[in-house]
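Below are the chains, spelled out letter by letter.
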Amino acid sequence: MAGSALAGCGGNSSSSTDSKADSKTESKADATGGKVYYLNFKPEQDEAWQALAKKYTEETGTEVTVVTAAEGTYEQTLTSEMAKGDEAPTLFQVNGPVGLAKWEDFCKDLKDTDIYKQLTSTDYALEKDGKVYGIAYVIESYGIIYNKSLLNKYFESDFATVKKIDDLNSFDKLKTVAEEIQANADALGVKGAFTSPGMDSSSDWRFKTHLANLPIYFEYQADGISDTDAIKGTYLENYKNIWDLYINNTTCKPTELASKTGAESEAEFINGEAVFFQNGSWEYGAVTKDDAMKDDDLGMLPIYIGVGDEANQGLCTGTENYWCVNSEASEANQAATEAFINWCVTSETGTKAMAEDMGFVIPFKAAQESQNVFVKADKEYTDAGKKPVSWNFTTMPSEDWKNGVGAALTQYAAGTGDWDAVKTAFVDNWKTEKEKAGE
């Protein structure tokens, strides 16, 4: 968003918990007859989900299988897995109203379930026609992650125009800082201001989806709407400006971005090769794993694009992660699945794993406070009165639309395409894809 086709590092992972248990728990599993198959959207949380599912199996005897789709392939994987009948996922996710439009017939109404009653607000339920088809299970934030030590080294340098983090609060200031870092990369011991904005499928979602959210958000704000069948592209010049800043002040040539991966970008940041890294709160576990980076080294800036009251802009905060229970699964499997997710958000073990191991802020009454430094940054911005940027990319008309924008961005960076092609992919294709969705 994160992911995830929203988020982080990851590859293809498919594994299941060790469902062996003692005879007592086995007999309980046999008695209920239900089992869980969770098709996970987030590659960066695969290890944590596997561990949590195993604990649940040991505690209850219920077999839980977790399969994680490779980054950028969730929809394709879900489509193929849902065709497996009795072996299809019992728990999957959609990204909001657009995703629900495709999978509504497979989503059980969760309005009378325990997990719905655990939500801190019904705003986190995906509702339609009085039914609850999905439950948001994580609230996340994204922006421009920065290395505090390297940024402070820049602030203290003779060539720095901006001298403190509090003054880095607009696109113009970000541009100044990034270009001065790039021009003095050797003196600062870095390869670039920004990590590589890779357009490989493991990374392109950061720009064709997350970065593209900014011009959509500001257009919606200006027009007083929350969706549209015909985007105008009012702020596409600002989108161009931030994209130009990324691709011209990075660790590699713009012509190399087509094959640059999310893992490479992450490694560049961890290794101190770049100061800035556009990503989200879900990256916390990866950048701090094995003490690669300390909390004191990490901060997150809003993504400034030169629109609105930038000094009072916060991080991009929201969700596109809604759990859905497969209505085509057996009653026993549905019941087992509902019990599992309710345990995840109410038990000490589950809430601790989601807060600490996954770094999640979960919208449930029993949630534990996350130690994620990026989550804390979002709270600090909000507490200071800065307005979060809402997640509007859930209104993007289709994956084909995103892919068209991504291809146009890649060609523009490589010099084989112009910005007019990005505008066409953004504006004209939006209308076309919205019309298709409405057919």
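Owing to the predicted nature of the structure, the values given are computational and were not obtained by experimental measurement.

Visitor: How should the overall build of the protein be read in this particular structure?
Guide: On a plain count of helices and strands, the protein comes out with 18 helices and 13 strands. When the backbone C-alpha atoms are referred to their principal axes, the protein occupies close to 70 × 50 × 40 Å. Here the protein displays about 17,800 Å² of accessible surface, and carbon together with sulfur accounts for 44% of that area. Of the side-chain charges in the protein, 40 are positive and 72 negative, and the distance between the mean point of each set is 2 Å.

Visitor: Mind showing me how you'd approach the packing of aromatic side chains here?
Guide: How two aromatic rings sit relative to each other is given by the distance of their centres and the angle of their planes. Applying the stated criterion across every chain yields a total of 31 aromatic pairs. Ring geometry for Tyr137 against Trp323: centres 4.5 Å apart, planes inclined by 15°, an arrangement best described as stacked. Here Tyr137, found in the loop between β6 (131-136) and β7 (140-147), pairs with Trp323, found in strand β12 (residues 322-325); they are 186 residues apart in sequence, far enough to count as distant. No difference in accessibility class separates Tyr137 from Trp323, as the two residues are buried. With centroids separated by 5.7 Å and ring planes inclined at 55°, the aromatic side chains of Tyr154 and Phe155 adopt a geometry described as tilted. There is no split in this pair, since Tyr154 and Phe155 are both buried.

Visitor: Help me out: how do you make sense of the nonpolar core in this one?
Guide: One broad rule of soluble globular proteins: the nonpolar side chains tend to lie buried together. Counting 77 residues, the largest nonpolar core has Leu151, Ile181, Tyr239, Ile242, Trp243 and Phe276 as the members making the most contacts within it. Filtering out sequence-adjacent residues up to four positions away, Tyr239 remains in contact with Phe207, Lys208, Leu211, Ala212, Pro215, Val405, Leu409, Trp419, Val422 and Phe426. Ranked by size, the runner-up nonpolar core spans 33 residues in total, among them Ala53, Tyr56, Val66 and Val325.

Visitor: Please explain empty space enclosed by the protein as it appears in this structure.
Guide: Rolling a probe over the atoms, with the probe sized like a water molecule, indicates the empty space that remains. What the largest cavity holds in volume is close to 40 Å³. Lining the largest cavity are Phe194, Thr195, Pro197, Arg206, Phe207, Tyr246, Phe276, Phe277 and Gln278. Among the elements of the structure, α9 (205-211) and β9 (274-280) are those that each provide at least two residues to the lining of the largest cavity. For the lining of the largest cavity, the element with the most residues is β9, which contributes 3 residues.

Visitor: Help me understand helix α6 (residues 148-155) in this model?
Guide: Every α-helix carries 3.6 residues per turn, so stepping three or four residues along brings you back to the same face. For α6, the complete set of buried residues consists of Leu150, Leu151, Tyr154 and Phe155. Here the buried residues of α6 occupy an arc of 145° about the axis, which is enough to place them on one side. Those residues of α6 that are buried are in contact with β7, α7 (171-183), α8 (185-188) and β9. For α6, the capping residue at the N-terminal end is Asn147, with a side-chain oxygen 3.0 Å from the backbone nitrogen of Ser149.

Visitor: In this structure, what is going on with unusual backbone geometry? I would like to understand it.
Guide: Only a minority of non-glycine residues have a phi that is not negative, and only a minority of peptide bonds are not trans. At Asp129, a residue that is not glycine, the phi angle is positive and equals roughly 55°. In this fold, Asp129 is placed in the loop between β5 (125-128) and β6. The class for Asp129 is exposed, based on a relative accessible area of 68%. Even without a glycine there, the phi angle at Asp290 is positive, about 55°. Owing to a relative accessible area of 73%, Asp290 belongs among the exposed residues under this scheme.

Visitor: Whenever I open this one, the packing of helix α17 (residues 399-414) against helix α18 (residues 419-437) confuses me. Can you help?
Guide: A pair of packed helices is captured by two measures, namely the crossing angle of their axes and the spacing between those axes. As a packed pair, α17 and α18 sit with axes 8 Å apart at the nearest point and diverge in direction by 175°. With respect to α18, the element α17 is oriented roughly antiparallel. Between α17 and α18, the contacting residues are Asp400, Trp401, Gly404, Val405, Ala408, Leu409 and Tyr412 on the first element and Trp419, Ala421, Val422, Ala425, Phe426, Asn429, Trp430 and Glu433 on the second. Class assignment of the residues belonging to the contact of α17 with α18 gives a composition of 11 nonpolar, 2 polar and 2 charged.

Visitor: Is there a simple way to think about helix α10 (residues 213-223) in this case?
Guide: The element α10 is extensively covered by neighbouring structure, given that 8 of its 11 residues are classed as buried. Gly224 occupies a position one or two residues after α10 and carries a positive phi of about 65°.

Visitor: For this particular structure, what's the right way to read the environment of Asn241?
Guide: Here Asn241 is to be found in helix α11 (residues 236-248). For Asn241, a relative accessible area of 29% translates into the label partly exposed. The sequence separation of Asn241 and Phe171 amounts to 70 residues, and the corresponding C-alpha distance is 9.0 Å.

Visitor: How should I be thinking about the environment of Trp391 in this particular structure?
Guide: When you line up the elements, Trp391 lands in the loop between β13 (387-390) and α17. On the basis of relative accessible area, Trp391 is assigned to the buried category, the value being 8%. Distance in space between the C-alpha atoms of Trp391 and Ala408 is 22 Å, their sequence separation being 17 residues. Polar contacts involving the side chain of Trp391 include one to the main-chain carbonyl oxygen of Cys316, which spans 3.2 Å.

What counts, and where the lines are drawn
- The residue numbers shown here count from 1 along each chain, following its written sequence.
- Where local features are concerned, this predicted model is filtered to residues with pLDDT of at least 70; where side-chain atom pairs are given and counted, the filter is 80 or more; whole-chain, interface and lining totals use all residues.
- Side-chain calculation: all heavy atoms of the structure are included, whereas hydrogens and water are not.
- Numbering of helices and strands starts at the N terminus; helices are DSSP runs of H or I of at least 4 residues and strands are runs of E of at least 2.
- Accessible surface area values rest on a Shrake-Rupley calculation with a 1.4 Å probe, where residue burial reflects the displayed protein chains alone.
- In this tally Asp and Glu are treated as negative and Lys and Arg as positive; neither His nor the chain ends contributes.
- Taken as the charge location is NZ of Lys, CZ of Arg, CG of Asp or CD of Glu.
- Any pair of Phe, Tyr and Trp rings, taking the six-membered ring for Trp, is counted once the centres come within 6.5 Å. Such a pair is stacked with planes under 30 degrees apart, edge-to-face with planes over 60 apart, and tilted for the rest.
- Accessible area is worked out with a 1.4 Å probe on protein chains only. A residue is then buried under 20% of its type maximum, exposed over 50%, and partly exposed in between.
- Among buried residues, the Ala, Val, Leu, Ile, Met, Phe, Trp, Tyr and Cys ones that are joined through side-chain atoms within 4.5 Å form a nonpolar core.
- Residues are treated as being in contact if the distance between any of their heavy atoms lies within 4.5 Å.
- Using a grid of 1 Å spacing that covers the protein atoms alone, one calls a set of points a cavity when a 1.4 Å probe fits there but cannot get out, and a pocket when the set is open and has protein on both sides within 12 Å along at least five of seven lines; lining residues are those with an atom within 4 Å of a point.
- Grid points are joined across faces, edges and corners, and a volume is the space filled by probe spheres set on the points.
- It is the directions from the helix axis to the C-beta atoms that the arc portrays.
- Two N or O atoms count as a polar contact when they lie within 3.5 Å, although within protein this holds only if one can serve as hydrogen donor and the other as acceptor, and sequence-adjacent residues are included solely when both atoms are side-chain atoms.
- Whenever a helix is involved, its axis is fitted only over the stretch in contact; in every case the axis is a line through C-alpha atoms, and angles between N-to-C directions fall within 0 to 180 degrees.
- We call two directions roughly parallel when the angle between them is under 35 degrees, roughly antiparallel when it is over 145, roughly perpendicular when it lies between 65 and 115, and oblique otherwise.
- Following the grouping adopted for this structure description, the nonpolar residues are Ala, Val, Leu, Ile, Met, Phe, Trp, Tyr, Cys and Pro, the charged ones are Asp, Glu, Lys and Arg, and the polar ones are all others, Gly among them.

Spatial relationships are all this shows, so hold off on functional conclusions.
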